[in-house]
Amino acid sequence: AQSVTQLDSQVPVFEEAPVELRCNYSSSVSVYLFWYVQYPNQGLQLLLKYLSGSTLVKGINGFEAEFNKSQTSFHLRKPSVHISDTAEYFCAVSVSSSGGSYIPTFGRGTSLIVHP
Amino acid sequence: NAGVTQTPKFQVLKTGQSMTLQCAQDMNHNSMYWYRQDPGMGLRLIYYSASEGTTDKGEVPNGYNVSRLNKREFSLRLESAAPSQTSVYFCATRGGEQFFGPGTRLTVL
């Protein structure tokens, strides 16, 4: 079974500063990797995904993430954050089940708090 | 296109009452999922349906039942609600990149 660890439950940062949200995973098989964002009282929406190919993945709103297979990590970064980036961020992995469907596993989330 | 819709948005139940949460999608996706979200716990999978006519248990299925009515609709039923089922419930489609509904906030007193 796969698991996802988001190393920080809360990350405070000042506006225009860089930020990194950390995610490590474990799996015995190949995985697909995702970052989702959740704004207050809303559902989750996709920020970016790694399926294959280039290990540096760019997403929406200026976010990017790097897949590191040897360290089983998929950290999310943004060079300059804005107040509007304040939200909950979830890392997720998805593997194929024996029946052919995909079973996602989510981390516990990191609350990004951007201060003016 | 509405994407993934959930009803109701809010619900308050008393212990022992039953209710059904509805989810519908117009994205023509085969697989559908039910999660619960609790503070500090992330999203935990309750049940999923890989295709019409099939359902499987996820990580936390106890106290819940599901029905995949057709390709569009996937309902979650609480037969006898307990305070431990107070949570926000999300429906999602697809198993790789997922598409989420807006959620149902359920309180069990």
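Residues numbered from 1 in each chain as written. Chains lettered and ligands numbered in written order. Predicted model: local features only at pLDDT ≥ 70, side-chain atom pairs only at ≥ 80, totals over all residues. Heavy atoms only, no water.

### What to know about the overall build of chain A
Assigned secondary structure in chain A consists of zero helices and 12 strands. Secondary structure elements of chain A, listed N to C terminal, follow the sequence β-β-β-β-β-β-β-β-β-β-β-β. Relative to a compact globule of 116 residues, whose C-alpha radius of gyration would be 13 Å, chain A shows 14 Å and is just as compact. Counting only C-alpha atoms and orienting by the principal axes, one finds that chain A spans roughly 50 × 30 × 20 Å. (Helix = DSSP H or I, 4+ residues; strand = E, 2+ residues; numbered from the N terminus. Rg over C-alpha atoms; globule rule 2.2 N^0.38 Å.)

### Side note on the pattern of salt bridges
Scanning the model with the defined rule gives nine salt bridges over all chains in all. A salt bridge links D85(A) to K78(A), with the nearest nitrogen and oxygen atoms 2.8 Å apart. For R77(B), the salt bridge identified is with E79(B), shortest N-O distance 3.1 Å. Assessed through its relative accessible area of 30%, R77(B) is described here as partly exposed. Its relative accessible area of 43% is what places E79(B) among the partly exposed residues. What emerges from the salt-bridge pattern is a single network uniting E20(A), E66(A) and R77(A). (Salt bridge = Lys/Arg side-chain N within 4 Å of Asp/Glu carboxyl O. Buried < 20%, exposed > 50% of the residue type's maximum accessible area, 1.4 Å probe, protein only.)

### Quick notes on the interface of chain B and chain A
Taken together, the 19 residues of chain B in the interface contact 18 residues of chain A. For the pair chain B and chain A, the summed buried area comes to about 1,500 Å², and 57% of that belongs to carbon and sulfur atoms. When the buried surface of chain B facing chain A is broken down by residue, L43(B), E97(B) and F100(B) rank first, second and third, together holding 29% of it. E97(B) is the salt-bridge partner of K49(A), the closest N and O atoms lying 2.7 Å from each other. Run the count over chain B and chain A and you get five residue pairs in polar contact (both at pLDDT 80 or more). Residue assignment for the side of chain B that touches chain A shows that the elements contributing at least two residues are β4 (32-38) and β5 (42-49) of chain B. (Contact = heavy atoms within 4.5 Å. Buried area = accessible area lost by both parts, 1.4 Å probe. Polar contact = N/O pair within 3.5 Å; in protein donor to acceptor, adjacent residues only side chain to side chain.)

### So, the environment of S52(A)
Residue and element names in this part refer to chain A. With respect to the helices and strands, S52 occurs in the loop between β6 (44-50) and β7 (56-58). S52 sits in the exposed class, given a relative accessible area of 57%. In sequence terms S52 and Y32 are 20 residues apart; their C-alpha atoms lie 7.9 Å from each other.

### Structural notes on the packing of aromatic side chains
A complete count under the given rule lists 14 aromatic pairs over all chains for this structure. When the centroid spacing of 6.4 Å and the interplanar angle of 25° are considered together, the rings of Y25(A) and F67(A) count as stacked. Here the residue Y25(A) occupies a position in strand β4 (residues 23-26), and F67(A) occupies one in strand β8 (residues 64-68), the gap between them amounting to 42 residues. For the pair Y25(A) and F67(A), a shared accessibility class is recorded, and that class is buried. Where F90(B) meets F100(B), the ring centres are 6.5 Å apart and the plane angle is 85°; that geometry is what we call edge-to-face. With a gap of 10 residues between them, F90(B) in strand β9 (residues 87-93) and F100(B) in strand β10 (residues 99-100) connect regions that are remote in the sequence. By the burial criterion, F90(B) is buried, and F100(B) matches it. (Phe/Tyr/Trp six-rings, centres within 6.5 Å; stacked < 30°, edge-to-face > 60°.)

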